[in-house]
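# Geometric and topological summary
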Amino acid sequence: MLTFLPLCGTGYTKCQGADAPSRTLSGQNWLNQGMKFAINFSHPARTLVEQGELPIDLWKCMPLPLVVAEASHRPSYVHLPHDVGVPLLAPGLPRSENDWGQEQLLISATETPWINVHLNARREWFTDGESVEDRFVRNIEHLKHAWGTPNICAENVVYRGEAGAYRRESVDPDVIRRTQDRSGASFLLDTAHARLSARELGIDPWTYIQSLPVDRLVELHITGTAEHEGIWKDSM
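First, a word on scope: everything that follows refers to the structure included in this document.

## Things to note about the overall build of the protein
For the protein, the helix and strand inventory stands at 8 helices and 10 strands. In the protein, buried positions account for 50% of the 236 residues. Sequence separation of 24 or more characterises 71% of the internal contacts of the protein that already satisfy a separation of 6 or more.

## Focus: the packing of helix H5 (residues 132-147) against helix H6 (residues 173-183)
Their axes nearest at 9 Å, the elements H5 and H6 cross at an angle of 35°. Note that H5 runs across H6; the crossing there is right-handed. Contacts between H5 and H6 involve Val-132, Glu-133, Asp-134, Phe-136, Val-137, Ile-140, Glu-141 and Lys-144 from the first element and Val-175, Arg-178, Thr-179, Arg-182 and Ser-183 from the second. Considering only residue class, the contact of H5 with H6 consists of 5 nonpolar, 2 polar and 6 charged.

## Some remarks on H6
Owing to its 3.6 residues per turn, the α-helix aligns residues three or four sequence positions apart on the same side. Every buried residue of H6 is listed here: Pro-173, Val-175, Ile-176, Thr-179, Gln-180 and Ser-183. What you see down the axis of H6 is that its buried residues fit within an arc of 170°, all on one side. Looking at the buried residues of H6, the elements they touch are H5, strand E6 (152-155), strand E7 (186-190) and helix H8 (205-211). One side-chain oxygen at the N-terminal end of H6 lies 2.8 Å from the backbone nitrogen of Asp-174; it belongs to Asp-172. With its phi angle positive at about 80°, Gly-184 sits one or two positions after the end of H6.

## Some thoughts on the environment of Ile-140
Along the chain, Ile-140 turns up in helix H5. Residues Ile-140 and Ala-185, 45 residues apart in the sequence, show an inter-C-alpha distance of 7.6 Å. Filtering out sequence-adjacent residues up to four positions away, Ile-140 remains in contact with Val-84, Ile-152, Thr-179, Ser-183 and Ala-185.

## Quick look at unusual backbone geometry
Not every positive phi belongs to a glycine, and Glu-111 is a case in point at roughly 55°. With respect to the secondary-structure elements, Glu-111 resides in the loop between helix H4 (102-110) and strand E5 (115-118).

## A short note on H4
Within H4, burial applies to Glu-103, Gln-104, Leu-106, Ile-107 and Thr-110. Buried residues along H4 cover an arc of 165° about the axis, so they all sit on one side. Residues Leu-105 and Ala-109 are exposed on H4 and point more than 90 degrees away from its buried face. Taken from the residues just after H4, Glu-111 is the one with a positive phi, measuring 55°.

## Description of the packing of aromatic side chains
Overall, the coordinates contain 1 aromatic pair when judged by the stated rule. Taking the centre distance of 5.0 Å and the plane angle of 85° together, the rings of Phe-41 and Trp-59 count as edge-to-face. With a gap of 18 residues between them, Phe-41 in the loop between strand E2 (35-40) and helix H1 (43-50) and Trp-59 in strand E3 (residues 58-61) connect regions that are remote in the sequence. As far as the burial class goes, Phe-41 and Trp-59 line up, both buried. Between the NZ or CZ atom of Arg-135 and the centre of the ring of Phe-126, over which it lies, the distance is 4.2 Å.

## Details of the nonpolar core
Ranked by size, the top nonpolar core spans 48 residues in total, and within it Trp-59, Cys-61, Val-84, Ile-152, Leu-189 and Tyr-208 carry the most contacts. Counting residues per element, this core draws most heavily on H5, which supplies 6 residues. If sequence neighbours within four positions are ignored, Tyr-208 has contacts with Val-171, Pro-173, Ala-194, Ser-197, Ala-198, Leu-201 and Ile-203.

Definitions and limits used
- Residues numbered from 1 in each chain as written.
- Predicted model: local features only at pLDDT ≥ 70, side-chain atom pairs only at ≥ 80, totals over all residues.
- Heavy atoms only, no water.
- Helix = DSSP H or I, 4+ residues; strand = E, 2+ residues; numbered from the N terminus.
- Buried < 20%, exposed > 50% of the residue type's maximum accessible area, 1.4 Å probe, protein only.
- Contact = heavy atoms within 4.5 Å.
- Axes fitted to C-alpha atoms, helices over the stretch in contact; angles between N-to-C directions.
- Left-handed = near helix turned anticlockwise from the far one by under 90°.
- Nonpolar A, V, L, I, M, F, W, Y, C, P; charged D, E, K, R; others polar.
- Arc of directions from axis to C-beta.
- Polar contact = N/O pair within 3.5 Å; in protein donor to acceptor, adjacent residues only side chain to side chain.
- Phe/Tyr/Trp six-rings, centres within 6.5 Å; stacked < 30°, edge-to-face > 60°.
- Lys NZ or Arg CZ within 6 Å of the ring centre and 35° of its normal.
- Core = buried A, V, L, I, M, F, W, Y, C linked by side-chain atoms within 4.5 Å.

Now the structure itself:
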């Protein structure tokens, strides 16, 4: 997976609307706009970097001490697995800064500029009548208070239809945008997730992406999609 981040960690990268030239989000080369280039850390990738065959600015790391230690020869940041669709105080959403323990240390050590979360709304998590949007906003506000930081970055996820694990609201552009507006969270666009969700929704991928809150974009994930055993997947 390829990742692009702004050089200024907490600032938004401004994007134009649907008429942006050349069907890009900014209308210009992102690398020339001060973006950093990262990839997922792995031993083969590290070898290529050390041999000068793979120029990168920093590593994207799982929140594991061994991974962060092995990537420490150059700048890195931590990508967290947490979802904001879970019921408050349920497993998967730490209650306070102390509950993060190891992750807090890794984020501090790598100077990761924001706490990333995923806009997942699993069907079994919504049995109390609370809306997906209200749950997202409430949990983002909870994390902002627990961490003492406004820098929360929310990522779009993959929708698999009515038979899938997530409710449709997880990928509804209106729900996502209102969540960002109400919570003040920034946005992480995963292009493969967007393409797969658009395919399931029967929407043109570019139209779908442009309907998301890209004006709040601070991180961009790029990876391919492919059909495997009849199922379209990313991160192949």
